[in-house]
Amino acid sequence: MIEIPSRLEGKQFSLHQLEQTLKPFGYEIGGGWEYDHGYFDYKIADHLGYQFLRVPFQAVDGQLDSHGTTVELGRPFLLAHKYQRGIDDFADVGNLTASFDQFAEPQDPDATVPEPLISVGKALVQELERRLLD
């Protein structure tokens, strides 16, 4: 994980407006959200795993599934997951779990972000700042 300091940190936005602004540019709310916090993810690359720019947010009022929720942005960071090639030797699959958990565990859930993608991540954060703050 590589943090990228940003002018976005601590800024508050309507979650709905933020979604409407960011989705056309490839950002999605990541699957790891809770009712009080979540992440906007931008997939930078997907070779030997996935590399994302992740922008965390925290609910200021209400819950994320409520209409009109305001969120505060945190410090963006780059995140890389390196996935196993081939079969997951340690998979514990039964008939019931197979329908929910069809994917191998990451080989390295906090893999090193390739050097060229760090500058890409910084440029993406600068672009976000221009779109949301200027």
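All values derive from a computational prediction rather than experimental measurement. Each chain carries its own residue numbering, running from 1 in the written order of its sequence. Reporting of local features is limited, given that this is a predicted model, to residues whose pLDDT is at least 70; pairs of side-chain atoms are given and counted only at 80 or more, and all residues count toward the totals for whole chains, interfaces and linings. With hydrogens and water excluded, all non-hydrogen atoms of the structure serve as input to the side-chain values.

Novice: Help me understand the overall build of the protein chain in this model?
Specialist: When its secondary structure is counted, the protein chain shows three helices and eight strands. Working definition: helices are DSSP H or I runs of at least four residues, strands are E runs of at least two. Numbering for both runs from the N terminus. Ordered by position in the sequence, the α and β elements of the protein chain form the string β-β-α-β-β-β-β-β-α-β-α. For the protein chain, buried positions account for 34% of its 134 residues. It only takes one pair of heavy atoms within 4.5 Å for two residues to be counted as in contact. Taking the contacts inside the protein chain whose residues are at least 6 apart along the sequence as the reference set, 62% of them involve residues at least 24 apart. Per element, the accessible surface of the protein chain, about 8600 Å² overall, is 49% carbon and sulfur. For every residue, the accessible area obtained with a 1.4 Å probe (protein chains only) is divided by the maximum for its type, and the residue is called buried under 20%, exposed over 50%, and partly exposed between those limits. Computed by Shrake-Rupley with a 1.4 Å probe, the accessible areas treat only the displayed protein chains as cover when residues are assessed.

Novice: Whenever I open this one, the nonpolar core confuses me. Can you help?
Specialist: What tends to happen in soluble globular proteins is that the nonpolar side chains get buried as a cluster. Ranked by internal contacts, the top residues of the largest apolar core, which has 26 residues, are L18, F40, L53, L73, L128 and L132. Of all the elements, helix 3 (residues 115-133) adds the most residues to this core, at six residues. Those residues in contact with L128, other than ones at most four positions away along the chain, are L8, L22, Y27, L53, V55 and L133. Residues belong to a common nonpolar core when they are buried Ala, Val, Leu, Ile, Met, Phe, Trp, Tyr or Cys residues joined through side-chain atoms within 4.5 Å.

Novice: In this structure, what is going on with the packing of aromatic side chains? I would like to understand it.
Specialist: Aromatic ring pairs are described here by two measures, namely the spacing of the ring centres and the angle between the planes. Aromatic pairs are defined between Phe, Tyr and Trp rings, using the six-membered ring for Trp, whenever the two ring centres lie within 6.5 Å; interplanar angles under 30 degrees are classed as stacked, those over 60 as edge-to-face, and all others as tilted. Applying the stated rule across the entire model yields five aromatic pairs. Relative to F77, the ring of Y39 lies with its centre 6.3 Å away and its plane at 85°, an arrangement referred to as edge-to-face. Linking Y39 in strand 4 (residues 37-45) with F77 in strand 7 (residues 77-83), this pair joins segments that are 38 residues apart in sequence. With a relative accessible area of 22%, Y39 lands in the partly exposed category. The ring of F25 carries R131 above its face, with NZ or CZ at 3.6 Å from the centroid. Distance and angle both matter: a charge sits over a ring if NZ of Lys or CZ of Arg is within 6 Å of the ring centre and within 35 degrees of the ring normal.

Nothing here speaks to function; it is all geometry.
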